[in-house]
There are 2 protein chains.
Amino acid sequence: MDRGLAYGDGLFETILIREGQPCHWGRHLRRLNLGTSRLAMPPPAEHILRTEATLLCEGMRWGILKLILTRGCGGRGYGPPVPSRPNRILMASAISRAEVEPADSGVMVRWCETPASFNPRLAGLKHLNRLDAVLARSEWDDPEIAEGLMCDPMGGVVGGTMTNLFLWDGRALTTPTITAAGIAGTVRALVIERARARGLDCLERGLTVADVAAAVGLFLTNARIGAWPVARLGSRRFDLERLPLDLIAEIRELAQQPGWDDP
Amino acid sequence: MDRGLAYGDGLFETILIREGQPCHWGRHLRRLNLGTSRLAMPPPAEHILRTEATLLCEGMRWGILKLILTRGCGGRGYGPPVPSRPNRILMASAISRAEVEPADSGVMVRWCETPASFNPRLAGLKHLNRLDAVLARSEWDDPEIAEGLMCDPMGGVVGGTMTNLFLWDGRALTTPTITAAGIAGTVRALVIERARARGLDCLERGLTVADVAAAVGLFLTNARIGAWPVARLGSRRFDLERLPLDLIAEIRELAQQPGWDDP
């Protein structure tokens, strides 16, 4: 009867674990709280989540902590129960060092045909309605291809199935807006902050496939990978040397910094 | 680890039970199979579902059989497991006669602000990504209001949170297309068939809020309610006598007809 299963009525976080601690716990919790606020769910009790996360992460050198928060059980029908009693699921899995490798030689990426769902009311949230990403990810099984890029149904670029996308034009960064589709990635926010701290412009705006093709370089971000430079998108090759490599190195390092407070 | 919970990676059916049997089993199964085909999931073994449904429906005078089919368990990440082993959940709940009342005096309906998610790849399917309907349904708690109507983010009318919508202009029916949002309701299909059998035109096309306001009459359909005439939409009142009441009565009766084969 859980509404997370019935309707995808809930949220999740995917948190990198390093040396027995979650990385960027504060950022993940803030996004989770933004989600509960926008979905009108009671916010989770942070001290409980923290205690549980501490137990799960203990002794794990590299891992992923997945946190699912659903609206809880409810009767038949879409109407949320009032009051709702959210359920939480925390799972930690060890990962190999290879899964957080810096991909110095860059990754291969392709375009997906599956459009990203377009809904301003849900955009930005890491909610449980992820069938678009599931179908996009099932478009390829070539292990050489690390990620697929998605557009919304009108052709606006949204990002990767599991990553946010940044374009570099040689002087400034651009990343797709997340006002109608896409997820407000924790590392996405980190890139915007760190770029600005370095005096680099970082614009959030609507982007087309042509904009991506015209970029000098691309990189992808999420909590596990930090930042991946893109070596190839379809047949287009990118010269990684032209990317802002200092910024990318800083993002990688910061993304892997364990801690309950933001670095 | 079930992907139905993690990503909404699955489908469901809501089937009316009458006198110990599901109604329109064949239609529901066909839609489910359309869904598994479009989501590239293995189709369910119908004889197993049927055996299980038989057991659950036994002795139930009026009820709802909910059938959830997920892609099954999978590891981390959006990529579907190959092969996948779907999980199924069947639940039957008795309902009161009032819940299938014909609503002869019509129902009150309002507009919702929450847009329906727009994605041609997912449109029509009764998949588990239903946060848009959840948020729309949470916009009101007045028990007098039976349903809310939703538009897609561009303003195209999609239908009710849990129903399909039909407009009557005095001579013909129109219902929103379900090519980019909305669900291919089993009773929606029944209305289209029966209207045509009566020599009434029934058009599927893009509709605006203005089209709905200009209608002579409206009715809503789903498997539980059959067909509900709309008496009021916001401040607009409709004269139910001007609706095609013979067709609506036929739909109600057919929707409540138990049977493993289509009537």
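The numbering scheme is per chain: residues are counted from 1 as the chain's sequence reads. By the order in which they are written, chains take letters starting at A while ligands take numbers starting at 1. Local features in this predicted model are restricted to residues whose pLDDT is 70 or higher, and side-chain atom pairs enter the listing and the counts only when it is 80 or higher, whereas totals over whole chains, interfaces and linings include all residues. Where side-chain values are given, they derive from all heavy atoms of the structure, hydrogens and water being excluded.

Draft legend 1. Main features of empty space enclosed by the protein. Residue and element names in this part refer to chain B. Both site types are read off a 1 Å grid over the protein atoms alone. A 1.4 Å probe that fits but cannot get out defines a cavity, while an open set with protein on both sides within 12 Å along at least five of seven lines defines a pocket; lining residues have an atom within 4 Å of a point. Grid points are joined across faces, edges and corners, and a volume is the space filled by probe spheres set on the points. Counting across every chain of the model gives 2 cavities of 30 Å³ or more. Roughly 60 Å³ of volume is contained in the largest cavity. Lining the largest cavity, in full, are Leu 16, Cys 23, His 24, Arg 27, His 28, Thr 186, Val 187, Leu 190, Ala 223 and Ala 255. For the lining of the largest cavity, the secondary-structure elements that each account for two or more residues are helix 2 (25–38) and helix 5 (186–197). Helical segments are the DSSP runs of H or I of at least four residues, strand segments are the runs of E of at least two, and each set is numbered from the N terminus. The element that contributes the greatest number of residues to the lining of the largest cavity is helix 5, accounting for 3 residues. Residue composition of the lining of the largest cavity, grouped by class: 6 nonpolar, 3 polar and 1 charged. Counting the residues that make up the lining of the largest cavity, at least three belong to each of domain 1 (3–96) and domain 2 (107–255). Side-chain classes follow a simple rule in which Ala, Val, Leu, Ile, Met, Phe, Trp, Tyr, Cys and Pro form the nonpolar group, Asp, Glu, Lys and Arg form the charged group, and the remainder, Gly included, forms the polar group. For the purposes of this description, domain bounds are those given by an automatic or database domain assignment.

Draft legend 2. Highlighting the pairing of strand 3 (residues 62–70) of chain A. All names here are of chain A. A simple rule labels every residue: compare its accessible area, found with a 1.4 Å probe on the protein chains alone, to the largest value its type can have, and call it buried under 20%, exposed over 50%, or partly exposed in between. Of all 9 residues in strand 3, 9 are buried, a share of seventy percent or more. Of the two faces of strand 3, both are covered, the one formed by Trp 62, Ile 64, Lys 66, Ile 68 and Thr 70 as well as the one formed by Gly 63, Leu 65, Leu 67 and Leu 69. DSSP-based pairing: two strands are paired if at least 2 bridges between them are found. Pairing between strand 1 (residues 10–18) and strand 3: 9 bridges, direction antiparallel. Paired with Gly 10 across the strands is Thr 70, a residue of strand 3. As defined by bridge partners, strand 3 adjoins strand 4 (residues 87–94) across 8 bridges and the pair is classed as antiparallel. Residue pairing for strand 4: Lys 66 is matched across the bridge by Met 91.

Draft legend 3. Looking closely at the pairing of strand 7 (residues 157–160) of chain B. All names here are of chain B. Bridge count between strand 6 (residues 145–151) and strand 7: 3 bridges; the pairing is antiparallel. Residue pairing in the sheet places Leu 149 in a bridge with Gly 160 of strand 7. Between strand 6 and strand 7, which pair antiparallel in sequence order, lie 5 residues; one of them, Gly 155, sits at a positive phi of approximately 100°.

Draft legend 4. The arrangement of the layout of surface pockets in detail. Roughly 340 Å³ of internal volume is contained in the second largest pocket. Lining the second largest pocket are 16 residues, with Arg 137 and Ser 138 of chain A together with Gly 79, Pro 80 and Val 82 of chain B positioned closest to its centre. Looking at the lining of the second largest pocket residue by residue, the classes come out as 8 nonpolar, 3 polar and 5 charged.

Draft legend 5. Quick peek at the sheet that holds strand 4 (residues 87–94) of chain B. Residue and element names in this part refer to chain B. Reading across the sheet, the 4 strands line up as 2-1-3-4 and stay open at both edges, with antiparallel pairing between neighbours. The sheet is open, and its two borders are formed by strand 2 (21–22) and strand 4, each paired with just one other strand. Throughout, a residue-residue contact means that at least one pair of heavy atoms, one from each residue, lies within 4.5 Å. A fitted line through C-alpha atoms serves as each axis, taken over the contacting stretch for helices, and the angle formed by two N-to-C directions is quoted from 0 to 180°. Contacting strand 1 (10–18), strand 2, strand 3 (62–70) and strand 4, helix 3 (residues 46–57) runs over the sheet at an angle of about 25° to strand 4.

Draft legend 6. The arrangement of the packing of aromatic side chains in detail. Geometry of aromatic contacts follows a simple scheme: Phe, Tyr and Trp rings, the Trp one being its six-membered ring, pair when their centres are within 6.5 Å, and the pair is stacked under 30 degrees between planes, edge-to-face over 60, tilted otherwise. The final tally for this structure, using the stated rule, is 8 aromatic pairs over all chains. On the basis of an interplanar angle of 70° and a centroid distance of 5.0 Å, the ring pair of Trp 25 of chain A and Trp 260 of chain A is categorised as edge-to-face. Remark: Trp 260 of chain A occurs in the segment after helix 7 (245–255) and Trp 25 of chain A occurs in helix 2 (residues 25–38); sequence separation between them is 235 residues. Each of the two residues, Trp 25 of chain A as well as Trp 260 of chain A, counts as buried. One aromatic cluster in this structure is built from Tyr 7 and Tyr 78 of chain A together with Phe 12 of chain B. For a ring to carry a charge above it, either NZ of a lysine or CZ of an arginine must fall within 6 Å of the ring centroid while also lying within 35 degrees of the normal to the ring plane. Its end group placed over the ring of Trp 140 of chain A, Arg 137 of chain A keeps NZ or CZ at 4.0 Å from the ring centre.

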